Amino acid sequence: MTRPTPLMRSDFRVHTAMPTRWFDNDVYGHMNNTVHYLLFDTAVNGFLMQHGILKPTGGATIFLVVESGCSYFSEMAFPDVITVGLSISQLGSSSVRYQIGLFREDAETAAAQGHFVHVNVDRQARRPIPIPDAARATLSTLCQPS
């Protein structure tokens, strides 16, 4: 298995600072691995909500996570401030693959990085539907250059 190389801050289109909490540390004195996924989820859905793409309690569509993964490179812990970097590596007709990096304090190299795949589905039927043009235009601003 080939270990990925940590990405740099400059590899991401959007950056959001998120403070850690006392609760985030585990018995080993560092941020528990499950918290990484919470940060991924918060960054992605926060972006979607901020740009009017996702209305969690009332929209006709929602995004479901169908795949996620994370590689860990160095420890983070409370009281670190984490910068979450967000980009899109693939924008399909109904799916989005996000690339996410977690940066400890002012570090330029990711302490952890992962991916998160969303599928746009009809809220009731839970079947994939195309991402609307306006949402696609906003999401395309996160796309990494080929």
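As shown above, the structure is provided for reference.
Cut-offs and rules
Residues numbered from 1 in each chain as written. Predicted model: local features only at pLDDT ≥ 70, side-chain atom pairs only at ≥ 80, totals over all residues. Heavy atoms only, no water. Phe/Tyr/Trp six-rings, centres within 6.5 Å; stacked < 30°, edge-to-face > 60°. Helix = DSSP H or I, 4+ residues; strand = E, 2+ residues; numbered from the N terminus. Buried < 20%, exposed > 50% of the residue type's maximum accessible area, 1.4 Å probe, protein only. Pairing = 2+ DSSP bridges. Expected span 1.5 Å × (residues − 1). Contact = heavy atoms within 4.5 Å. Polar contact = N/O pair within 3.5 Å; in protein donor to acceptor, adjacent residues only side chain to side chain.

A.B. asks: Is there a simple way to explain the packing of aromatic side chains in this structure?
C.D. replies: The description of an aromatic ring pair rests on the distance of the ring centres and on the angle between the ring planes. Applying the stated criterion across every chain yields a total of 3 aromatic pairs. Pairing Phe12 with Phe103 gives two aromatic rings, centres 5.8 Å apart and planes at 75°, and the pair type is edge-to-face. Within this pair, whereas Phe12 is found in the segment before β1 (14-19), its partner Phe103 is found in strand β4 (residues 95-104), the two being separated by 91 residues in sequence. Ring geometry for Trp22 and Phe78: centres 5.8 Å apart, planes at 85°, overall edge-to-face. In this pair, Trp22 is assigned in the loop between β1 and α1 (33-50) and Phe78 in the loop between β2 (61-72) and β3 (81-91), connecting sequence segments 56 residues apart. Trp22 gets classed as exposed once you look at its relative accessible area, which sits at 69%. Look at Phe78 and you get partly exposed, because its relative accessible area is 34%.

A.B. asks: What should I look at first to understand the environment of Ala134 in this one?
C.D. replies: Within the secondary structure layout, Ala134 lies in helix α2 (residues 133-140). Under the relative-accessibility criterion, Ala134 is labelled exposed at 61%.

A.B. asks: What is the right way to look at the pairing of β4 in this model?
C.D. replies: Consecutive side chains of a regular strand alternate in pointing toward one face of the sheet and then the other. In terms of burial, β4 is a largely internal element, 7 of the 10 residues being buried. Taking the residues that link successive antiparallel strands as the turn, the β3-β4 hairpin has 3 residues. As defined by bridge partners, β4 adjoins strand β5 (residues 112-122) across 8 bridges and the pair is classed as antiparallel. Within the sheet, the bridge partner assigned to Arg97 lies in β5 and is Val117.

A.B. asks: Would you mind going over α1 with me for this structure?
C.D. replies: Every α-helix carries 3.6 residues per turn, so stepping three or four residues along brings you back to the same face. The first and last C-alpha atoms of α1 sit 26 Å apart over 18 residues, in line with the 26 Å expected at 1.5 Å per residue. Elements that come into contact with the buried residues of α1 comprise β1, β2, β3, β4, β5 and α2. Just past α1, the residue Gly52 takes up positive phi, approximately 70°.

A.B. asks: Please explain the side chain of Thr20 as it appears in this structure.
C.D. replies: Following the sequence through the fold, Thr20 ends up in the loop between β1 and α1. At 2.6 Å, the side chain of Thr20 and the backbone oxygen of Asp80 are in polar contact. Among residues more than four places away in sequence, those in contact with Thr20 are Met31, Ala77, Phe78, Pro79, Asp80 and Ile82.

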